[in-house]
Amino acid sequence: MAQDVARGQGISPEQHHRTFFGHPWGLATLFTTEMWERFSYYGMRALLVLYLTAPHDEGGLAFSASAATAIYSVYVSMVYLLTLPGGWVADRIWGPRKTVAVAGGVIMVGHFLLALPATGSFFAGLVFIALGSGLLKANISTMVGQLYDGPTDPRRDGGFTVFYMGINIGAFAAPLVIGTVGQKVNWHLGFALAGVGMAIGLVIYLFGMRTLSPHSSVVPTPLGAAERRSVLRKGLFWLAVAAVFYGIVIGTGNFTLNWATIPLTIIGLVIPAWMLFRIKHDRDLSPIENQKMTGYIWFFVAAAIFWMIYDQGGSTLNLFAEDSTASSLFGVHFPSSWFQSLNPLYIMALGPVFAWLWQWLAARGREPQTATKFSIGLILVGLSFAVFLGALAAASGGAKVTPLWLCAVYLIQTVGELCLSPVGLSVTTKLAPEKYGSQMMGVWFLAVTAGDCATSLATTAGADLNSRGYVAAEVALAVLAGVAILLNRRKIHGYLGEVN
């Protein structure tokens, strides 16, 4: 869940009297809003591939595992891709405060569309949630930063830590509640509970908006009338093109799932590459900024490989939990979706330990460099799938393996995430060229988009993500990438200049 937090900038509002754990009271509003939004998102995500693959007589859509994984991967990738236009909307049209309010409403509608027992409304719901999540993720963290007196406010890092706990509390509780109801009672009731969770978060946000910084209502660079007309005209044009094209495909009876997943997968791979190319070759960049971008590309590619494997926790590992893992441990019986609570549980337990560890090593001049931390993260995510290979071997012949296999996989992945994701957020802000300061966090999220789209492309091409050969290839890719980063760490840090 570490990829769900980004750093914002701004100045303090007049909230000096009423505090939330010593922080401006607006943090309570944003904390609870994000907690309920993550509750809705991760609860739905825990059910997504399980519902897609469940047989019709069990209320599911009976998709193949590969098709369900492709849908899941494209959906998650679009959530992160849409943070770019989400940030643009706040910067040019509505401002962060209004954008998040609209986002909450769009997400809520999306979850309630999932709750309707119709395939069309289900996929429409996924579109709504992806759009709303992109709008929200790009701006709610910015408003956290705006509660404080700039980057030097000593409460600032602590405020983001409290906010980060809200993310993980919501993500931890969601599979236990929504997953249980969805799997044991009714799929659509589970999706409806996710909508109720977002509705609670939205109501809290609307009532608490007055506690936020006045700067959250500011539109930094508003569109002029001519620009607004141009954007509207272009948007309507491309929307009409898409509507006509897909109208023809559907009308001629040629539409299949690939007509939706393949174009989105290509977009999710091309846009990250194009963004990096455009920034790297921008003539306005100074030689030092250009050099730093060269170093950043190493980190971006490493992160894409990491998320390609890590995000299969909600697809490949989720399906393995359902089909090949025992549903009880130490006499306690539970639905397979509960495994999705392990990562946020581990994050809450280990996050403070790692924060202390880095500080303890730094005080002794022994803290690993950024490239070394990335290398450790990559190698660990590779080793997590090496453990998964053991689970696949144990499950051969149809045997149900002990849940401890997946407990170990998720634990290793979480340790890898704590080495890579917070460091990636930090190094993104440090290496961002001045011209692209507000866009670079969106570029960082594109690493998630690229990684998930790579998974979608593999499944669309017919790869079996649960096969030992494919999992072994992913292990080799991650470990080799980690070793490459480690061997080239001096070269990479040479590009970074004074940034450590």
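The paragraphs below set out a description of the structure included in this document. Values in this document were obtained by computation on a predicted structure and should not be read as measured data.

Looking only at helices and strands, the protein chain has 18 helices and four strands in total. Against the globule reference of 23 Å for 500 residues, the protein chain gives a C-alpha radius of gyration of 22 Å, in line with a compact fold. Once the C-alpha set of the protein chain is aligned to its principal axes, its extents read approximately 60 × 55 × 50 Å. The buried share of the protein chain, reckoned over its 500 residues, is 52%.

What follows is about the packing of helix H15 (residues 404-431) against helix H16 (residues 440-460). The N-to-C vectors of H15 and H16 enclose an angle of 145°; their axes lie 9 Å apart at closest approach. The handedness of the crossing between H15 and H16 comes out as right-handed. Note on element contacts: H16 touches H15 through Met440, Met441 and Trp444, opposite Leu420, Ser421, Gly424, Leu425, Thr428 and Thr429. Partitioned by chemical class, the residues of the contact of H15 with H16 number five nonpolar, four polar and no charged.

Here helix H1 (residues 26-53) contains 28 residues, and its C-alpha end-to-end distance of 42 Å stays within 8% of the 40 Å for a straight helix at 1.5 Å per residue. Taken as a whole, H1 carries its principal kink of about 35° at Leu47. Here H1 lies mainly inside the structure; 26 of its 28 residues are buried.

Once that is clear, we can look at H16. Look at H16: 30 Å from first C-alpha to last across 21 residues, which is about the 30 Å you get at 1.5 Å a residue. Summarising burial for H16: 18 of the 21 residues are buried, a large majority. Looking one or two places after H16, you find Gly462, whose phi comes out positive at around 105°.

For the rest of this paragraph, the subject is the packing of aromatic side chains. Within a pair of aromatic rings, the relevant descriptors are the distance that separates the centres and the angle that separates the planes. Applying the stated criterion across every chain yields a total of 25 aromatic pairs. With centroids separated by 5.8 Å and ring planes inclined at 70°, the aromatic side chains of Phe354 and Trp358 adopt a geometry described as edge-to-face. Placement of the pair is Phe354 and Trp358 together in helix H13 (residues 342-363), with a separation of four residues, close to one helical turn. Per residue, the accessibility class of Phe354 equals that of Trp358, and both read buried.

Here the focus is the pattern of salt bridges. Two side chains with opposite charge may pair up if their charged atoms get near one another. One pass over the full model with this rule turns up three salt bridges. A salt bridge links Glu37 to Arg38; the shortest N-O distance between them is 2.7 Å. On the basis of relative accessible area, Glu37 is assigned to the buried category, the value being 1%. Across the pair Lys373 and Glu367 runs a salt bridge whose closest N-O atoms are separated by 2.6 Å. Residue Lys373 is classed as buried on the basis of its relative accessible area of 7%.

Moving on, we come to the nonpolar core. Tyr75 and Trp444 are the most contacted members of the largest nonpolar core, which has 94 residues in total. Take this core: its biggest share by element is 12 residues, from helix H11 (residues 287-310). By size, the runner-up hydrophobic cluster in this structure holds 32 residues, among which are Phe20, Leu30, Ala101 and Phe163.

By the secondary structure assignment, Phe277 is in helix H10 (residues 258-280). Separated by 20 residues in the primary sequence, Phe277 and Ile297 place their C-alpha atoms 9.7 Å from one another.

What counts, and where the lines are drawn
Residues numbered from 1 in each chain as written. Predicted model: local features only at pLDDT ≥ 70, side-chain atom pairs only at ≥ 80, totals over all residues. Heavy atoms only, no water. Helix = DSSP H or I, 4+ residues; strand = E, 2+ residues; numbered from the N terminus. Rg over C-alpha atoms; globule rule 2.2 N^0.38 Å. Buried < 20%, exposed > 50% of the residue type's maximum accessible area, 1.4 Å probe, protein only. Axes fitted to C-alpha atoms, helices over the stretch in contact; angles between N-to-C directions. Left-handed = near helix turned anticlockwise from the far one by under 90°. Contact = heavy atoms within 4.5 Å. Nonpolar A, V, L, I, M, F, W, Y, C, P; charged D, E, K, R; others polar. Expected span 1.5 Å × (residues − 1). Bend = angle between axes of the 7 residues up to and from the residue. Phe/Tyr/Trp six-rings, centres within 6.5 Å; stacked < 30°, edge-to-face > 60°. Salt bridge = Lys/Arg side-chain N within 4 Å of Asp/Glu carboxyl O. Core = buried A, V, L, I, M, F, W, Y, C linked by side-chain atoms within 4.5 Å.

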